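Descriptive analysis of the structure
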Protein chains: 2
Amino acid sequence: MSTVQDSDMQNQSTATSLDAANIPLTERLFDALQRAIVEGEIPQGSKISEPELARQHGVSRGSLREAMARLEARKLVERKPNLGARVVTLSYEQLIEIFQLREALEGMAARLAAQNMTEIEIEELQKLLDQHGEQIAEQQGQAYFQKQGDLDFHYRIVQGSKNKQLIELLCNDLYHLLRMYRYQFGMRSKRSQQAYEEHQYLINAISARDPEMAELLMRQHIRSSRRNVEAVFLEKL
Amino acid sequence: MSTVQDSDMQNQSTATSLDAANIPLTERLFDALQRAIVEGEIPQGSKISEPELARQHGVSRGSLREAMARLEARKLVERKPNLGARVVTLSYEQLIEIFQLREALEGMAARLAAQNMTEIEIEELQKLLDQHGEQIAEQQGQAYFQKQGDLDFHYRIVQGSKNKQLIELLCNDLYHLLRMYRYQFGMRSKRSQQAYEEHQYLINAISARDPEMAELLMRQHIRSSRRNVEAVFLEKL
DNA sequence: ATTCGCTAAAGTGTCGACACTTTGAGAAAT
DNA sequence: ATTTCTCAAAGTGTCGACACTTTAGCGAAT
């Protein structure tokens, strides 16, 4: 019985879609916020009010705070004691620094991938690249798909390194920042054809089980990608 | 008046020394826990009970939880929903993976240091190394100081790269894990003399502003350090 | 009109409480 | 004696409340 409404239950997802399975609220919140920040839904540099954001997502401040602590550790927000949190502000200098990190880390990833990827994984990587080739031939201009494809490619090589630390670091930490730059600066490539060729050389080196060459090619690939970004930025200013 | 004890104030630091200035409780707690975990005071693999740990440190569970979220992001504890948190368990495999990361990252750091360190910083680095040389000549066996010195040396080169991302990543994340291995496995060096010489070559390359050579030497240095660790482990088993 | 100080609103830091989940010890059944 | 079921104890997930800090708007003094 008791037709009275039990009104104070806690599953009314006020604004954002946060209803989900059994996984902790904090974690869903963390994912939602990360996405919102990366995609610019919450603009870079903007101040975050805990009470307001908590209300928008229909959670308590405690849960939100825990998610914020993790976002801070991923360098997506900055917090100062008693002053509150802000979304990070992207800068050209930081982007260059990230490219230097990637050159080191993904270079090592390629080296290890040449040693540790299975033949099957290499085949699938080749198939993926073939698809990219077709897409480029068909319609050149779909910058979004190209960028997405580029990320997929790099992602798989990192996985292929079989180094858990490296995988975590790149895929769970750094790539989110990188995606944030792509979303917010709309970095277009202009060099999908060249990138495609560089990817093919890289697969060849991995397939030949030549770690030294794989690392060299990956580093060159990332350096030339960086030079492209530099050029785009310079013409913007 | 009022000789009654006001017993429920919140500055009784029950067990650990946590009294400090104005910086947030959560942060001091985070530092204290990180130190305790790195130094093995809380043993690796042990389960952490939030209520108990909070009581020991005289803080509420909320504050502790926030600190735990940050510790998890630094890979010092692992948490599973509804099951609680455990201190990470160190493994030989993971240590090798960390050395691979270091080879890539510190190699890049050395390359950038050769470009970006000031002459004064290079001079001070040389002085530091000279001190190490004296210490080795005087009393060989102070493994602790040697290891500490080794860490100092690497630390300064990373700083010299002037790449903030790289500095954060190595000094704030990875080195804590590395220190944890040193504390808990008591990795002794046996090769302080050789390390000293390798460090000197590295300074020479940086001083000559030769990025390529600096990276090469750093990578060799870390590889040979890794081989030493491998040897120590193999004789343990 | 401008500057300075004061007060109220908003925001952050921290806590204790309650509901639901997991764990583990003891009772009941085989 | 062994296995299974049950239920209480412990632990985690989440919330709302309160104290202290910062911010911002308003009025007083120059």
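Our subject in this report is the structure included herewith. As the structure is a prediction and not an experimental result, all values here were calculated from the model. (Residues numbered from 1 in each chain as written. Chains lettered and ligands numbered in written order. Predicted model: local features only at pLDDT ≥ 70, side-chain atom pairs only at ≥ 80, totals over all residues. Heavy atoms only, no water.)

**Topic: the relation of the copies chain B and chain A**
Between the two copies, chain B and chain A, the superposition gives an RMSD of 0.0 Å; the rotation angle is 180° and the shift along the axis is 0.0 Å. Look at the turn and shift together and you get a two-fold axis relating the two. Most of the interface of chain B is mirrored in chain A: 100% of its interface residues are interface residues there too. (Least-squares fit on C-alpha atoms with pLDDT ≥ 70 in both. Contact = heavy atoms within 4.5 Å.)

**Topic: the protein's contact with DNA strand D**
Around DNA strand D, the structure places 20 residues, and the nearest of them are A:L25, A:S60, A:S63, B:R61 and B:R65. Considering the 4 Å shell around the protein, atoms of DNA strand D inside it are sugar or phosphate in 71% of instances. In this structure, a phosphate oxygen belonging to DNA strand D sits 3.1 Å away from a main-chain N or O atom of B:E50. Contact distances for DNA strand D include 2.9 Å between a base nitrogen and a side-chain N or O atom of B:R61. (Near = heavy atom within 4 Å. Polar contact = N/O pair within 3.5 Å; in protein donor to acceptor, adjacent residues only side chain to side chain.)

**Concerning the protein's contact with DNA strand C**
Neighbouring DNA strand C are 20 residues, the closest being A:R61, A:R65, B:L25, B:S60 and B:S63. Among the atoms of DNA strand C close to the protein, meaning within 4 Å, 71% are from sugar or phosphate groups. For DNA strand C, a phosphate oxygen lies 3.2 Å from a polar atom in the backbone of A:N82. Between DNA strand C and B:S60 there is a distance of 2.8 Å, counted from a phosphate oxygen to a backbone nitrogen or oxygen.

**Some remarks on the sheet that holds strand β2 (residues 77-80) of chain B**
Pairing between sheet strands relies on hydrogen bonds along the backbone, with the strands arranged either parallel or antiparallel. Residues and elements named next belong to chain B. One open sheet holds the three strands; their spatial order is β1-β3-β2, and the pairing between them is antiparallel. On the outer flanks of this sheet lie β1 (47-48) and β2, each paired with one strand and no other. Here two bridges tie β1 to strand β3 (residues 84-87), and the two strands are oriented antiparallel to one another. The residue bridging I48 from the neighbouring strand is A85, located in β3. (Pairing = 2+ DSSP bridges. Helix = DSSP H or I, 4+ residues; strand = E, 2+ residues; numbered from the N terminus.)

**Focus: the packing of aromatic side chains**
Residues and elements named next belong to chain A. Going through the model one piece at a time under the given rule, you end up with six aromatic pairs over all chains. Measuring from centroid to centroid gives 5.4 Å for F185 and F233, while their planes differ by 80°, and the two rings are edge-to-face. Linking F185 in helix α7 (residues 164-185) with F233 in helix α9 (residues 211-236), this pair joins segments that are 48 residues apart in sequence. What makes F233 buried here is its relative accessible area of 10%. Taken together, Y92, Y181, F185 and F233 form an aromatic cluster joined through their ring pairs. Taking the ring centre of F30 as reference, the NZ or CZ of R70 above it sits at 4.1 Å. (Phe/Tyr/Trp six-rings, centres within 6.5 Å; stacked < 30°, edge-to-face > 60°. Buried < 20%, exposed > 50% of the residue type's maximum accessible area, 1.4 Å probe, protein only. Lys NZ or Arg CZ within 6 Å of the ring centre and 35° of its normal.)

**Structural notes on the pattern of salt bridges**
This model, assessed by the stated rule, comprises 42 salt bridges over all chains. For the salt bridge of A:R65 with B:E66, the shortest nitrogen-to-oxygen distance reads 2.6 Å. Residue A:R65 is located in helix α3 (residues 61-73), and its partner B:E66 is located in helix α3 (residues 61-73); the two belong to separate chains. Taking relative accessible area as the criterion, B:E66 reaches 10% and is therefore assigned buried. Here A:R223 ties to A:E103 by a salt bridge, and the two come within 2.5 Å at their closest N and O atoms. (Salt bridge = Lys/Arg side-chain N within 4 Å of Asp/Glu carboxyl O.)

**What about unusual backbone geometry?**
Residue and element names in this part refer to chain A. The backbone of K75 shows a phi angle near 65°, a positive value even though the residue is not glycine. Among the secondary structure elements, K75 is positioned in the loop between α3 and β2 (77-80). Positive phi outside glycine occurs at N82, with the angle close to 70°. Mapping N82 onto the fold places it in the loop between β2 and β3 (84-87). On the basis of relative accessibility, which here comes to 77%, the residue N82 falls in the exposed class.

**Some details on the sheet that holds strand β1 (residues 47-48) of chain A**
The sheet built from three strands is open, its strands ordered β1-β3-β2 (chain A) with antiparallel pairing. Sheet topology places β1 and β2 of chain A at the edges, where each strand pairs with a single neighbour.

**Focus: helix α8 (residues 192-207) of chain A**
Residue and element names in this part refer to chain A. Over its 16 residues, α8 extends 22 Å from the first C-alpha to the last, a length consistent with the 22 Å expected when each residue adds 1.5 Å. Within α8 the residues assigned to the buried category are S192, A195, E198, H199, L202, I203, A205 and I206. For α8, the buried positions fall inside an angular range of 160° around the axis, keeping them on one side. Backbone geometry just after α8 places R209 at a positive phi near 55°. (Expected span 1.5 Å × (residues − 1). Arc of directions from axis to C-beta.)

**Thoughts on the interface of chain B and chain A**
The interface of chain B with chain A comprises 30 residues on the first partner and 30 residues on the second. Around 2700 Å² of area is buried between chain B and chain A when both sides are counted, 55% of it from carbon and sulfur atoms. Applying the counting criterion to the chain B and chain A interface returns eight salt bridges. On inspection of chain B and its partner chain A, the count reaches 16 residue pairs in polar contact (both at pLDDT 80 or more). Listing elements by their share of the side of chain B that touches chain A, those giving two or more residues are α3, α4 (92-116), α7 (164-185) and α9 (211-236) of chain B. (Buried area = accessible area lost by both parts, 1.4 Å probe.)

**Structural notes on the pairing of β3(B)**
All names here are of chain B. Here β3 shows a buried face lined by A85 and V87 and an unburied face lined by G84 and R86. Bridge analysis of β2 against β3 gives four bridges, and the strand direction is antiparallel. Note that in β3 the partner of K80 across the bridge is G84. The antiparallel pairing of β2 with β3 creates a hairpin that spans three residues between the two strands, and N82 there sits at a positive phi of about 70°.

**A short note on the side chain of B:R102**
Residue and element names in this part refer to chain B. Within the secondary structure, R102 is located in helix α4. You can call R102 buried: its relative accessible area is 3%. Polar side-chain contacts of R102 include one of 2.7 Å to the side chain of E106. In contact with R102, not counting residues within four places along its chain, are G107, H154, L174, Y175, L178, R182 and I222.

**Here's the deal with the environment of B:Q200**
All names here are of chain B. Relative to the elements of secondary structure, Q200 occurs in helix α8 (residues 192-207). Expressed as a C-alpha distance, the spacing of Q200 and G133, which sit 67 residues apart in the sequence, is 9.9 Å. Beyond its immediate sequence surroundings of up to four residues, Q200 is in contact with Q126 and L129.

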